[in-house]
Amino acid sequence: MRLRGNNPFASVVGQVPVLLLVLGLLSAVEAAKVNKHKPWIETTYHGIVTENDDKVLLDPPLIALDKDAPLRYAGEICGFRIHGQNVPFEAVVLDKSTGEGVIRAKDKLDCELQKEHTFTIQAYDCGEGPDGANMKKSHKATVHIQVNDINEYSPVFKEKSYKATVIEGKTYDSILKVEAVDADCSFQFSQICNYEIVTPDVPFTVDKDGYIKNTEKLNYGKERMYKLTVTAYDCGKNRASEDVLVKISVKPTCKPGWQGFNKRIEYEPGTGSLALFPSMHLETCDEPITSIQASIELETNHIGKGCDRDTYSEKSLHKLCGASSGTVELLPAPSSSANWTVGLPTDNGHDSDQVFEFNGTQAIKVPEGVASTSLKEPFTISVWMRHGPGAHEKETILCNSDKTDMNRHHYSLYVHNCRLILLLRQEPSEAENYKPAEFHWKLDQVCDKEWHHYVLNVEFPTVSLFVDGTTFEPFLVTEDYPLHASKIDTQLTIGGCWQGGNARMAQFFRGNLAGLMIRSGKLENKKVIDCLYTCKEGLDVQLPEEVASAVKVEFNPNQSSLTVEGDDIDAFDKVMQHISYLNSRQFPTPGIRHLRVSTTVKCFNEETCVSVPDAEGYVMVLQPEEPKISLSGIDHFARGATEFESQEGVTLFPELRIVSTITREVEADAEPEAVEGAEDDPTVQETVVSEEIMHNLDTCEVTAVGDELDGEHESLEMDLAQLQQRGLEMSSSNLGLVITGVNTMANYEQVLHLIRYKNWHTEALFDRKFKLVCSELNGRYISNDFKVEVNVIHTANPMEHANNAMVQPNFINPIHHSSVDLSGHNLVNAHQASVVPSAATIVIVVCVSFLVFMIVLGVFRIRAAHQRTMRDTESGKENEMDWDDSALTITVNPMETYEDQHSSEEEEEEEEESEDGEEEDDITSAESESSEDEDGAEPEDQQAASRQQQLEWDDSTLTY
C-alpha cells in the first residue's frame, strides 16, 4: 500500500500511456488540418491556337492556387484534368508549387475542319503525401479555344471555263462574272480580294468582284472571239492554283433573218433525201413574234421541161405510165425512120428531153400515114409547151388543113391572146346544122414562159383539158357549120398551118414544144395523166411528231415549193431543219437548182415588227457516174449459103451480151500505221474501180454497113410476137431496123438474139457487115458500136476433063458441109466451127479458076510438043529413045501460093491473138483443105522426082 502511494517513479510510469494517447490524438488533429483546402482556378478561359501548332495561348493564364500552401503536397498542384469527348487538347503542370500550367494540342489542328473547341478543366492537388491520398479537386472551369487559320489554300475558280456573247458596237457594264473560292477557314484567307486579266492588250477589264466588261466598242469584222486568261488572289495574296479561260464571242449587230444557212448544197445522185437546212434557225432579235410564214421554192424551170423527169421518148413514157397502145409521136428525135424533125433547132443535149424550138418562121410537115385519126372517133392530143406573151396573131401548134386548092382547117390547136383554142370542124354530113367548132380556154399558163403539160381528150361534141393534171373547162364554145364535101387531101403540120390555096405556111408558132402526141381513144385515167407530168425531183419534209400539230405544211402539185406556217419559233425551226431535196432518177440531170426562202412574221407591236430578208442558195446536183454500156459477143463468123437462103435465115447476134458498168475512184487501202496523217499526205493514191450496174435501155438499132438492104433478095427479120410480149416495138427500113421501148437489158438481150438475116441470092455474096448500137434515156448514154461480119461459104465442085486425059488430083477435095460443121464458128470462141475470112473465099475461087486454066494450058502444051516430036521423026531426026506422052498429065497446084499466103496471115492473126491472151484452136475450111492437099501431094512429088532421075525433060518451050 505504501509503495503505490509513496513511489514517485511509479506514478510517472503510470502516466506515460496517457501521455502517448494524448500525443496521438494531437497528431491526428494536426494531420486532419494539413489538406483542408481545394485548389482554385478561374471559371472561364479563352484560348487561341494556330493550326499546325500545339501551343495554346490562354487568357487568363492557367494557374491553380491552393490555400494549403506552402505545405508540401497539400499546397502543391499535381495536375489538370480535361473533361469532354474527343478533346484534342491536354493540360500540363509546369510548376507544382506555383500551380502554373499550359494547355496544348495533342495533334495538329485543322481550322477548316473545326474552328473552335470548348471543354472543361479541373485542377487537383497532391493530397497529403506522395501517394496522393486525400487529394482535393477544384471546380470545373470552361475553356474556349479558337483555332487560328494559316493561308494554306489557293483560290480555285468555280468553272473550268467561261463563255459569253456580246453584240458589236455596244459597251457593257458587265459581260459576265468569274468567281473563285478559297478553302481556308478564316475570313482573311478565305476571301478573294482581287481578280486580274493575265492576257495582255485586250479591250476588257475585271473588277475585284469578278465582273468583266469591255473597255471599248467591239468590232465583229476585226475580231470574232476573244480568249482571256483570268487569275484570282485571296486576301493573303495567294494566287489561284489554275487560271481560268474566258471566251467572249462577238456577234454582228443583230439582223433578223435565217442563220446557219449554207448557200451551196451538194446532192450526190442515188443518195435519197438530203436535208437542206439541217442547222438553220430564225433570228428575231428578241422581238415578240405572234406568227411566222415561210415559203420555200425550188427553181427547176431550166431543167428539162420545168424539172427533172425521165428523158425517154414521149411514146415510151406513155407506156411506162400505163397508157394503152396506139400512140403516135409527132415530134420524135430525128432518126433514119423519122426525119421530118431534122431541120428544127433543138436543145442538142442528151441530159434533158428532146425540146424543139419554133422561132415564128418555120414549121414542119408530118409525112402521110404517120397519123391517121378519124374525127368521128375519140382521140387525145398531148403536148409539152412553153410560151410567152406574143403578138396578137394566131400561133399554131398542130394543124390539119387542105393540102391544095383551099385553106380550110379541119382541126387545129393554136394559141391566140394567151388563150388555148381547139378548132374542130365536122366533116360533111347529111344534117347541115350548127355544131361546136371552137373550144376556148383562157389560161395564165399559156403565156407565163414556163413549161406545162397539156392533155386534150376529144370526144365530140365535148373536149376535156388537163393542164399539169388539173382539169379546166372551156369558157367559150363557138359553133359552125360542117365542112363542105371535097376530095382534097389534108396536110398535117406542126408549128404553123399549111395554106393549100396559097401553097405556103402561115400562123407560125413562137415558143418551145416537146412530146407532141396524138392517139386514138381517150386518156381517161387520171393516174396516167399525173404520171406524165410528175417531176422526179422536188421538196420533201418529214414532220417530227412533237411539232406536227404546231406547224402547218402545204405543197404545190409538183412539190417544187412548200409553205410552212406556225407561231412557235422552236417548232418552226425544227420543221425547217427537216425539209429535204429528193431526186428519184437513177441518172439525174446535173446542174444548179436555185433555192429561195421567203419569210413573213407578225409581231405584237406592228410598228417595231422585224422584217426577215429572203434567204437564197442553190442545190448542186453532181454529175452522176455515167454508165458505160458494152456490147460483146461473136463478131465474125461464117455460114453456108444454104443457111442464108433457108426459111430461118442466120442469127446475127447468137451470143450477144449487154453489160453496163460505172467507174468510180476510191482511196487505196493504206497500212494501219500509215492511216494517221493520211489526210495531210498529198501522195495518197486513188484507185479506179469498175462496178456493174443494172438499168433500162430504150433503143437498139441494127444497121447494114456498106450497101443498104435490098428488099428484093435480103432482109432482117425477127419474131414480132416475142417483141410485143416484152412491150417493145420495131420499125424497119432499107438501112436496118430499130427496136424501141423502155425495158431491161436482159429483155433487150433476148430480143436481139432473135434477129435473123436472110438472103435469097447468095451467088455473088461473100460477106455482109452489120452494126448494133443501144442507148438509154433517149440517147443520153450510148453503147459501143458492135460490128458483126458474116461470111458466106460457097461449095466448089471438081471439073472432069472431056477426053478423060485429066484425072482429079489428090490435093483437090470437094467441100461437103456435112463433114465440117461451120455453124457458129468464131475467132474468139475455140469451141465454135472454123472462120473463113472474106479474102480467103475470094482466093479459093480465084485458085480454082486458075487451076482450070493451067490444066487447059498444060493439055495444049502437051499436044503441041507431041506434034513437034512427030514432025522431027518424019524429017529423019534420030532419037535415042521414043517418049510416049499421050497419057501424061501435068498438074500445077495453085493452092501452094494460097497456102503460103494464108499461113502468113494465120501467123499474123496468131500474134494478135497472143497479145490479147487468147488461145484459139479453130481451123478454117481452107486450112483443112490445105492440110489434106499437102498429104495427097507427097506421093506425086516423090514419083516425079524418080521419073526425072530416069528422064531429062526439056521444058524450055513451056510457059507457066
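What you are looking at is a predicted structure, and each value in this text was computed from that prediction instead of being measured.

### Comments concerning the overall build of the protein chain
Here's step 1: A count of helices and strands for the protein chain gives 13 helices and 57 strands.
Here's step 2: Counting across all 960 residues of the protein chain, residues that qualify as buried make up 41%.
Here's step 3: If you sum the accessible surface of the protein chain, you get close to 52,900 Å²; carbon and sulfur atoms cover 48% of it.

### Notes on the environment of Gln-623
Here's step 1: Within the secondary structure layout, Gln-623 lies in the loop between strand S44 (615-621) and strand S45 (628-632).
Here's step 2: According to the relative accessible area criterion, Gln-623 is partly exposed, its value standing at 45%.
Here's step 3: Sequence separation between Gln-623 and Thr-589 is 34 residues, and the spatial gap between their C-alpha atoms is 7.6 Å.
Here's step 4: Gln-623 has contacts with Pro-269 and Pro-590, leaving out every residue within four places of it along the chain.
Here's step 5: Only 3.1 Å separates the side chain of Gln-623 from the side chain of Glu-626, close enough to count as a polar contact.

### Section: the confidence of the model for the protein chain
Here's step 1: When pLDDT is averaged across the protein chain, the result is 78; 77% of the residues are at 70 or more.
Here's step 2: Low confidence marks residues 1-13, where pLDDT is under 50. Its contacts with residues over four positions away, or in another chain, come to one contact.
Here's step 3: In this model, residues 798-837 is a region of pLDDT below 50 whose contacts with residues beyond four sequence positions or in other chains number 90 contacts.

### Concerning the state of the cysteines
Here's step 1: Tallied over the full model, the rule gives ten disulfides.
Here's step 2: Linked covalently through their sulfurs, Cys-254 and Cys-285 form a disulfide whose S-S length is 1.7 Å. Looking down the S-S bond of the Cys-254 and Cys-285 bridge, the torsion is -110°, so its handedness is left-handed. One end of the pair, Cys-254, is in the loop between strand S17 (244-251) and strand S18 (257-259); the other, Cys-285, is in the loop between strand S21 (281-283) and strand S22 (289-299), and 31 residues separate them in sequence.
Here's step 3: Its relative accessible area of 30% is what places Cys-254 among the partly exposed residues.
Here's step 4: With relative accessibility at 22%, the residue Cys-285 sits in the partly exposed group.

### Let's talk about the environment of Glu-717
Here's step 1: With respect to the element layout, Glu-717 can be found in strand S51 (residues 714-717).
Here's step 2: Taking the C-alpha atoms as reference, Glu-717 lies 7.7 Å from Lys-758; in sequence the two are 41 residues apart.
Here's step 3: What Glu-717 contacts, discounting residues up to four positions off in sequence, is Leu-754, Ile-755, Arg-756 and Lys-758.
Here's step 4: Within the structure, the side chain of Glu-717 is placed 3.1 Å from the side chain of Ser-715, a separation counted as a polar contact.

### So, the environment of Asp-444
Here's step 1: With respect to the helices, strands and loops of the structure, Asp-444 is situated in the loop between strand S30 (435-442) and strand S31 (451-459).
Here's step 2: Residue Asp-444 is classed as exposed on the basis of its relative accessible area of 69%.

### Re helix H10 (residues 745-752)
Here's step 1: For H10, the full list of buried residues reads Met-745, Tyr-748, Glu-749, Val-751 and Leu-752. The buried side chains of H10 occupy one side of the element, clustering within an arc of 165° when seen end-on.

### Structural notes on the sheet that holds strand S47 (residues 650-651)
Here's step 1: One open sheet accounts for three strands, arranged S47-S54-S51; its pairing is antiparallel. The open sheet has two free edges, formed respectively by S47 and S51, since each of these has just one partner strand.
Here's step 2: Two strands pair when backbone bridges link them, and S51 and strand S54 (residues 756-759) are joined in this way by four bridges, in the antiparallel orientation. Across the sheet, the residue bridging to Glu-714 is Asn-759, located in S54.

### Here's the deal with the pattern of salt bridges
Here's step 1: The final tally for this structure, using the stated rule, is 23 salt bridges.
Here's step 2: The residue Arg-585 makes a salt bridge to Asp-308 at a minimum N-O spacing of 2.6 Å. Taken as a pair, Arg-585 in the loop between strand S42 (579-583) and strand S43 (591-603) and Asp-308 in the loop between S22 and helix H4 (314-320) lie far apart in primary sequence, 277 residues in all.
Here's step 3: Judged by its relative accessible area of 4%, Arg-585 falls in the buried class.
Here's step 4: Here Glu-546 and Lys-574 are joined by a salt bridge, their closest N and O atoms 4.0 Å apart. With Glu-546 in the loop between strand S39 (537-541) and strand S40 (551-555) and Lys-574 in helix H6 (residues 569-577), this pair connects stretches of sequence that are 28 residues apart.
Here's step 5: Relative accessible area serves as the criterion here: at 54%, Glu-546 is assigned to the exposed category.

### So, the side chain of Arg-408
Here's step 1: Within the fold, Arg-408 resides in the loop between strand S27 (395-402) and strand S28 (409-416).
Here's step 2: On the basis of relative accessible area, Arg-408 is assigned to the buried category, the value being 14%.
Here's step 3: A distance of 2.8 Å separates polar atoms of two side chains, one belonging to Arg-408 and the other to Asp-402.
Here's step 4: Those residues within four positions of Arg-408 in sequence are excluded, and the remaining contacts are Asn-400, Ser-401, Asp-402, Leu-483, His-484 and Ser-486.

### Concerning the packing of aromatic side chains
Here's step 1: A complete count under the given rule lists twelve aromatic pairs for this structure.
Here's step 2: On the basis of an interplanar angle of 75° and a centroid distance of 6.3 Å, the ring pair of Phe-358 and Phe-509 is categorised as edge-to-face. Taken together, the residues Phe-358 in strand S24 (residues 356-359) and Phe-509 in the loop between strand S37 (504-506) and strand S38 (510-520) connect sequence positions 151 residues apart. Accessibility classification places Phe-358 together with Phe-509 in one group, the buried group.
Here's step 3: Measuring from centroid to centroid gives 6.2 Å for Phe-653 and Phe-786, while their planes differ by 45°, and the two rings are tilted.

### Details of a nonpolar patch on the surface
Here's step 1: A grouping of Trp-40, Ile-63 and Leu-65 is seen on the molecular surface, where their side chains present a nonpolar patch of about 280 Å² in accessible area.
Here's step 2: The exposure class of Leu-65 is partly exposed, given its relative accessible area of 45%.

### So, the pairing of strand S15 (residues 211-214)
Here's step 1: Here S15 shows a clear split, with Ile-212 and Asn-214 buried on one side and none of Tyr-211 and Lys-213 buried on the other.
Here's step 2: Across two bridges, the pairing between strand S11 (residues 176-177) and S15 is antiparallel. For Leu-176, the partnering residue across the bridge sits in S15 and is Ile-212.
Here's step 3: Where strand S14 (residues 204-206) and S15 come together, three bridges link them in antiparallel fashion. Bridging from a neighbouring strand, Thr-205 pairs with Lys-213 of S15.
Here's step 4: In sequence, S14 turns back onto S15 through a hairpin of four residues, with Gly-210 there showing a positive phi of about 95°.

### Focus: the sheet that holds S22
Here's step 1: An order of S19-S44-S43-S22-S41-S40 is seen for the six strands of this open sheet, with the pairing classed as mixed. Two strands in the sheet have a free side with no partner beyond their single neighbour: strand S19 (264-267) and S40. With strand direction ignored, the average angle separating the axes of adjacent strands in the sheet is 20°.
Here's step 2: Summarising the sheet, S40 and strand S41 (residues 561-566) pair through five bridges and their orientation is antiparallel. Among the inter-strand pairings, Phe-555 is bridged to a residue of S41, identified as Leu-562.

Parameters at a glance
- Residues numbered from 1 in each chain as written.
- Predicted model: local features only at pLDDT ≥ 70, side-chain atom pairs only at ≥ 80, totals over all residues.
- Heavy atoms only, no water.
- Helix = DSSP H or I, 4+ residues; strand = E, 2+ residues; numbered from the N terminus.
- Buried < 20%, exposed > 50% of the residue type's maximum accessible area, 1.4 Å probe, protein only.
- Areas by Shrake-Rupley, 256 points an atom, 1.4 Å probe, with all protein chains shown as cover.
- Contact = heavy atoms within 4.5 Å.
- Polar contact = N/O pair within 3.5 Å; in protein donor to acceptor, adjacent residues only side chain to side chain.
- pLDDT = per-residue confidence, 0-100.
- Disulfide = S-S within 2.5 Å.
- Arc of directions from axis to C-beta.
- Pairing = 2+ DSSP bridges.
- Salt bridge = Lys/Arg side-chain N within 4 Å of Asp/Glu carboxyl O.
- Phe/Tyr/Trp six-rings, centres within 6.5 Å; stacked < 30°, edge-to-face > 60°.
- Patch = residues over 30% accessible without salt bridge, like charges linked within 9 Å, V, L, I, M, F, W, Y side chains within 5 Å.
- Axes fitted to C-alpha atoms, helices over the stretch in contact; angles between N-to-C directions.

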